[in-house]
Amino acid sequence: MDTLPDTEAEPGRRTRRFRISSVEVLCAILLIAILAQGRLQQLFDVPALRTGSTVFVAVCVQALPFLVLGVLISGAIAAFVPARVLEKVLPRRAGAAVGVAGLAGVALPGCECASVPVARRLMGQGVAPAAALTFLLAAPAVNPVVLVATAVAFPGKPEMVLARFAGSLATAVVMGWLWARWGKLEWITERALRRLPEVATGQRWRVFAETARTDLVEAGGFLVLGALISSALNVLVPARWFGVLGDQIVLGVLVMAVLAVVLALCSEADAFVAASLTALPLLPKLVFLVVGPAVDVKLFALQAGTFGRSFAVRFAPVTFVVAIACAVVAGVVVGVS
């Protein structure tokens, strides 16, 4: 009788021991690729695939350093910068606080995913929702990492960097002022306004590592997806289609705005994807860069989960329209064409 539990437990232990995980699958795929590399080279020796793979690798390699830097800064802010720091520097008047919160996005950068919990923490610390939402839109769009990445993606075109900064900052500030004028607290769920505990001193490095790791995994996945779509667009979509978008600038702006929402790229990497669409003029690309960090499908889901659906269904569509308008105005003023 004593041996039955051991006998029954042993197969269970063996099953758990030999369970196939993603690591084993990856090793198996790599082994097959190595053993069959000659056959695979013949199978995929197609000019279109070579072009697509070149675009994919180029986008990933160029964007990855900025992505890593961005998530490290985001993790540091979450762990070491208390929300009360921004609360102390914000004016009490909502209109002035919105402007300061927009400029604070330059000094306290973070990716889109990280800006949502930071905005929630600001509200929990008593910061006016208009200022917190302005920071939510500004931080991932006007920070130095994003601007440098844009300059690298568009060499010799400083007007793109200036126009992106102006359009994104204007989007954040205008949305903050609109919320201060017409926003209602009942649209935001009560849990989002509840005071959040500060990060304990002994847990700061753990929070830093976990936040950076989570942001890197999520943003890296979106980067790979964006690079795949970019390479597919370069290979599968005829160049004359992009020529049509270039000739019909209004259609090109709308298409790129919708594409920014659907792709949901990280702001540290989206400039390289936009730059890879060489057949498009600069103005639709600028709209893509301004709209993406302000509103996309993943941000809508995050905002709905954090602030409630009543907030998200009102905030996201207005942000979409304001971002397009601010991008176009900034592009025309700066001279992006």
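Residues numbered from 1 in each chain as written. Predicted model: local features only at pLDDT ≥ 70, side-chain atom pairs only at ≥ 80, totals over all residues. Heavy atoms only, no water.

- Under the annotation held in an unreviewed UniProt entry, the protein chain carries the name Permease and is attributed to Amycolatopsis melonis.
- Under the UniProt heading Sequence similarities (unreviewed entry), the entry covering the protein chain gives this text: "Belongs to the UPF0718 family."
- Listed under Subcellular location (unreviewed entry) in UniProt, the entry text for the protein chain is "Cell membrane". (UniProt positions renumbered as here; feature names shortened; annotations may be inferred.)

Notes on the overall build of the protein chain
- Along the protein chain, the regular secondary structure elements total 18 helices and 0 strands.
- Burial statistics for the protein chain: of 337 residues in total, 43% are counted as buried.
- Looking at the protein chain as shown, the accessible area adds up to about 17,100 Å², and 69% of this sits on carbon and sulfur atoms. (Helix = DSSP H or I, 4+ residues; strand = E, 2+ residues; numbered from the N terminus. Buried < 20%, exposed > 50% of the residue type's maximum accessible area, 1.4 Å probe, protein only. Areas by Shrake-Rupley, 256 points an atom, 1.4 Å probe, with all protein chains shown as cover.)

A closer look at the UniProt feature "transmembrane region" (unreviewed entry) in the protein chain
- On the UniProt side, "transmembrane region" (unreviewed entry) is annotated at positions that read residues 18-36, 56-82, 130-154, 161-180, 219-237, 249-265, 271-291 and 311-336 here.
- With 76% helix and 0% strand, the stretch residues 130-154 has end C-alpha atoms that lie 33 Å from each other.
- For residues 271-291, helix accounts for 76% and strand for 0%, while the C-alpha atoms at its two ends are 12 Å apart.

Some remarks on the nonpolar core
- Counting residues in hydrophobic clusters, the biggest one holds 67 residues, and the most contacted among them are Phe-154, Phe-288, Val-291 and Phe-307.
- Ranked by residue count, the leading element in this core is helix α16 (residues 282-294), at 9 residues.
- The residues touching Phe-154, leaving out its near neighbours within four places in the chain, are Met-160, Ala-271, Ala-274, Ala-275, Leu-282, Lys-285 and Leu-289. (Core = buried A, V, L, I, M, F, W, Y, C linked by side-chain atoms within 4.5 Å. Contact = heavy atoms within 4.5 Å.)

As for helix α14 (residues 249-263)
- Between the first and last C-alpha of α14 there are 21 Å, a value that for 15 residues agrees with the 21 Å anticipated at 1.5 Å per step.
- Regarding α14, the residues found buried are Gly-252, Val-253, Met-256, Ala-257, Ala-260, Val-261 and Leu-263.
- Backbone geometry just after α14 places Ala-264 at a positive phi near 55 degrees. (Expected span 1.5 Å × (residues − 1).)

Points about the pattern of salt bridges
- According to the stated counting rule, one finds 1 salt bridge in the structure shown.
- Here Asp-270 makes a salt bridge to Arg-164, at a shortest N to O gap of 2.9 Å. With Asp-270 in helix α15 (residues 270-276) and Arg-164 in helix α10 (residues 158-182), this residue pair connects regions lying 106 residues apart in the sequence. You'll find Asp-270 and Arg-164 in the same group, each marked buried. (Salt bridge = Lys/Arg side-chain N within 4 Å of Asp/Glu carboxyl O.)

Overview of empty space enclosed by the protein
- Per the stated rule, a full pass over the model turns up 3 cavities of 30 Å³ or more.
- Taken as a whole, the second largest cavity holds about 40 Å³ of empty space.
- Surrounding the second largest cavity, Ala-260, Leu-265, Asp-270, Phe-288 and Gly-292 form its lining.
- Residues belonging to the lining of the second largest cavity are distributed by class as follows: 3 nonpolar, 1 polar and 1 charged. (1 Å grid on protein atoms, 1.4 Å probe; cavity = no way out; pocket = protein on both sides within 12 Å on 5 of 7 lines; lining within 4 Å. Points joined across faces, edges and corners; volume = space filled by probe spheres on them. Nonpolar A, V, L, I, M, F, W, Y, C, P; charged D, E, K, R; others polar.)

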